[in-house]
Amino acid sequence: MTETEGALVESRHLDHMVVGFVAALRDAGLTVPVGSTIVFRRSLELVGVDRSLAVYWAGRATLVTCPEDLDVFDAVFDAYWQHRDQPGEQPEPEIEHLTIALDDGADDGEGGEVADEPDVVLRWSPAEVLREKDFALCSNDELEEAQRLMMRMRFATRLRPSHRHEPARHDRGRDDLRRTVREALRTEGEPMRRATTVKRQQPRRLVLLLDVSGSMESYARALLRFIHAAVVARRRVEAFALGTRLTRLTKELSSHDPDQAFRQATGAVVDWSGGTRLGAVLTDFNDQWGVRGMARGAVVVVLSDGWDRGDPGVLGEQMARLHRVAHRVVWVNPLKSTPGYAPLAGGMAAALPHVDEFIEGHNLASLEQLAAVVAA
Amino acid sequence: MTEQAVSRTVAEVRCALEEHDYLADEGLATAVLLALELQRPLLLEGEPGVGKTEVAKTLARWTGGELIRLQCYEGIDIGQAVYEWDYSRQLLHLRTAEATGDAAGVDAETLENELYSPRFLVKRPLLQAIDHGDGQPPVLLIDEVDRADDEFEAYLLEMLSEYAISVPELGRFEAPVPPIVVITSNRTRDVHDALKRRCLYHWVEHPGLEREIAIIARRTTEVPDRIIRQVAAAVGQFRTLGLYKPPGVAESIDWAQSLGRLGAAALDSTLAEATLGTVIKYREDQERVREHGLDTIVEQALRA
Ligand SMILES: Nc1ncnc2c1ncn2[C@@H]1O[C@H](COP(=O)(O)OP(=O)(O)O)[C@@H](O)[C@H]1O
Ligand SMILES: [Mg+2]
């Protein structure tokens, strides 16, 4: 193959762009294996780099593998490629996305690896009184203020080594991979070196299960705001509503606009403030998601008063299953702070033996504690 | 499509899909182009009814390749997905050999070789797609992979990494040219990351108003433009109500078509009420729509 001098420079330039962009995505928290980087590089040869929208779609097809990562991808893309052409039907992501998504990275300072992230950082406005006030007693305005404070809370869990999944068999990609890495290194590919040699670390997954049954009415809305704050502030978060049925809310809550997220989430839950089948719904969660993989090695938080009409034995059993696979199980009970409350009611008593941490959740201060427990 | 050697552009892919009645946005067209050019599977995820399965069917119409469909379900296994030995015919062969006295003269090994020869092999979709012979490669549709289990995914990953399948008794089948592979998932369960990384990925969203109008127009006959517009607008509204099963494009098409059949010139609340079942399938969801106010939605749609 004969390449002109110019083409070589072009190609080098492309390599730099590609590895730089991928490094930025990683700094913002996405997992991008080297294999995907190479497919992205090849894709750019096919779609060209003249139009940023072409680069954008090629990146999405090759570097992103779930819709939850799209916000971060968009923000990093915009930052890296400055301005993207207006994509046909989709609204341009708001600028806040960018601030939020890059905030983590920026705080880590130079060469900001996710690994340097402090365990937990909480920033509060001086509304100390509100911190202690029971959500059930808050006015709408106070709840709104509380929610703004929640959005400023930051979540992080300890990091664990991630296991990168390699395809089981060697394929042609392997050789290309070696060659491309070698080439990139020759072209003083600093970012590439970093991309391949730094040991990636992943935070543990955080799974939040919110009881939305009638008995939780005074708290569920405030707690949903809290969960939204967690979903947007941190990656690898999954959220579900537990009512008479199980509803996955991760997607609904992924919008950065709290009101929109809240509307989407409450809209998705058809049985808001309905009855409770805590044990049965937890069975569904374990069968469909939790024990199958989502809860494995994860920090699982149940936000519920533990009130269950069903057989407490089922709840106990399901909590035991969950506890076996999870890294840590936290139960947040807003009633815990109620004077005279003892967790003896059927469901709660059956669940407690399988809980690592039992905490309150009736006001901001207790949620601050939750953030700390989650991070521990 | 005949020229394999010439690379296509995204715009060309979009046009070709459109010629075959599929209206893709630039994102999907890019993912399709990359899948074709890089010979990698295309993984389409999204809610039911957003047009994932139809992509594979359209690709088959476009390329002229045979559509080979594997519908996944819980507990799907190699026997149903890859290949199976036809035991009853093997048995019959064995009996015939014995009856005609051939068996006496033939040693066990020869007989066994006969029994495990290609003529007793029943090829299921995955093997069919790999062992497709010459000519235009087929389009392999692995539909709703989220219904299958982990082990099946692991098998798929292996097969898709090499475009080859081993049958222990016969040896290795390799695709002369890789099939075009489309995998869909409704995301009731997360597909394993390793499998995702093997594929080009596209998250399929419900189309925007204008594209949905164009899709309905193309997929229905003799429905007034006005109705189509209103249907698309109303369905867009339904999707914001947080229904248990939000209507997909398929439902928009059905709804518009049945309104057309009723000879309606425009949507009104009586008509909408009478035909609600064609667009909102679950009773709970219908109630939710009524609670929200079907009239309001229709009114808004009329202004679209
Ligand atoms: N972009 C599109 N262009 C043309 N028709 C579409 C499009 N999207 C969806 N459809 C129509 O909607 C119907 C449902 O799509 P389908 O592929 O079955 O959805 P999914 O597999 O995502 O559940 C198809 O039969 C097709 O007629
Ligand atoms: Mg389908």
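Residues numbered from 1 in each chain as written. Chains lettered and ligands numbered in written order. Predicted model: local features only at pLDDT ≥ 70, side-chain atom pairs only at ≥ 80, totals over all residues. Heavy atoms only, no water.

Undergrad: Give a description of the site of ligand 1 that names residues and reports values.
TA: Residue and element names in this part refer to chain B. In the vicinity of ligand 1 there are 17 residues, among which L23, G49, K52, T53 and E54 approach most closely. Backbone polar atom of G49 to an oxygen atom of ligand 1: 2.6 Å apart, as the coordinates give it. R219 has a polar side-chain atom sitting 3.2 Å from a nitrogen atom of ligand 1. Here ligand 1 has 560 Å² of accessible area as a free molecule, and 85% of this is covered by the chains. Of all the elements in the fold, those that place two or more residues in the shell around ligand 1 are α3 (52–63), α11 (209–219) and α13 (249–261). In terms of domain composition, the shell around ligand 1 takes at least three residues from each of domain 1 (3–82 + 124–203) and domain 3 (209–303). (Near = heavy atom within 4 Å. Polar contact = N/O pair within 3.5 Å; in protein donor to acceptor, adjacent residues only side chain to side chain. Areas by Shrake-Rupley, 256 points an atom, 1.4 Å probe, with all protein chains shown as cover. Helix = DSSP H or I, 4+ residues; strand = E, 2+ residues; numbered from the N terminus. Domains from an automatic or database assignment.)

Undergrad: Account for the sheet that holds strand β7 (residues 328–332) of chain A, naming residues and giving values.
TA: All names here are of chain A. The strand order across the open sheet built from six strands is β5-β4-β3-β6-β7-β8, with neighbouring strands paired in mixed fashion. Single-partner strands in this sheet number two, and they are β5 (246–248) and β8 (357–359). Neighbour to neighbour, the strand axes of the sheet diverge by 20° on average, direction disregarded. Packed on one face of the sheet, helix α10 (residues 217–233) meets β3 (206–211), β4 (237–242) and β6 (299–303) and runs near 165° to β3. (Pairing = 2+ DSSP bridges. Axes fitted to C-alpha atoms, helices over the stretch in contact; angles between N-to-C directions. Contact = heavy atoms within 4.5 Å.)

Undergrad: With reference to specific residues and values, describe the packing of aromatic side chains.
TA: Aromatic ring pairs are defined here through the distance separating the ring centres and the angle between the ring planes. All names here are of chain A. Taken as a whole and judged by the stated rule, the model has 13 aromatic pairs over all chains. Centroid distance Y56 to W57: 5.0 Å. Interplanar angle 75°. Geometry classified as edge-to-face. Considered together, Y56 and W57 belong to a single accessibility category, that of buried residues. Across from the ring centre of F262, 3.9 Å away, lies the NZ or CZ of R225, which sits over that ring. (Phe/Tyr/Trp six-rings, centres within 6.5 Å; stacked < 30°, edge-to-face > 60°. Buried < 20%, exposed > 50% of the residue type's maximum accessible area, 1.4 Å probe, protein only. Lys NZ or Arg CZ within 6 Å of the ring centre and 35° of its normal.)

Undergrad: Break down a negative patch on the surface for me, with residues and values.
TA: All names here are of chain B. Taken together, D107, E109, E112 and E169 make up a surface patch of like negative charges. Here E169 is to be found in the loop between β6 (164–167) and β7 (171–174). Judged by its relative accessible area of 40%, E169 falls in the partly exposed class. (Patch = residues over 30% accessible without salt bridge, like charges linked within 9 Å, V, L, I, M, F, W, Y side chains within 5 Å. Salt bridge = Lys/Arg side-chain N within 4 Å of Asp/Glu carboxyl O. Lys, Arg positive; Asp, Glu negative; His and termini not counted. Charge placed at Lys NZ, Arg CZ, Asp CG, Glu CD.)

Undergrad: Quick one: what's the story with the confidence of the model for chain B, residue by residue and with numbers?
TA: Residues and elements named next belong to chain B. Per-residue confidence for chain B averages 91 on the pLDDT scale, and 96% of its residues sit at or above 70. A low-confidence stretch, residues 1–5 stays under pLDDT 50, and its non-local contacts, those more than four residues away or across chains, total five contacts. Across the whole predicted complex the pTM is 0.61, and at the interface the ipTM reaches 0.91. (pLDDT = per-residue confidence, 0-100.)

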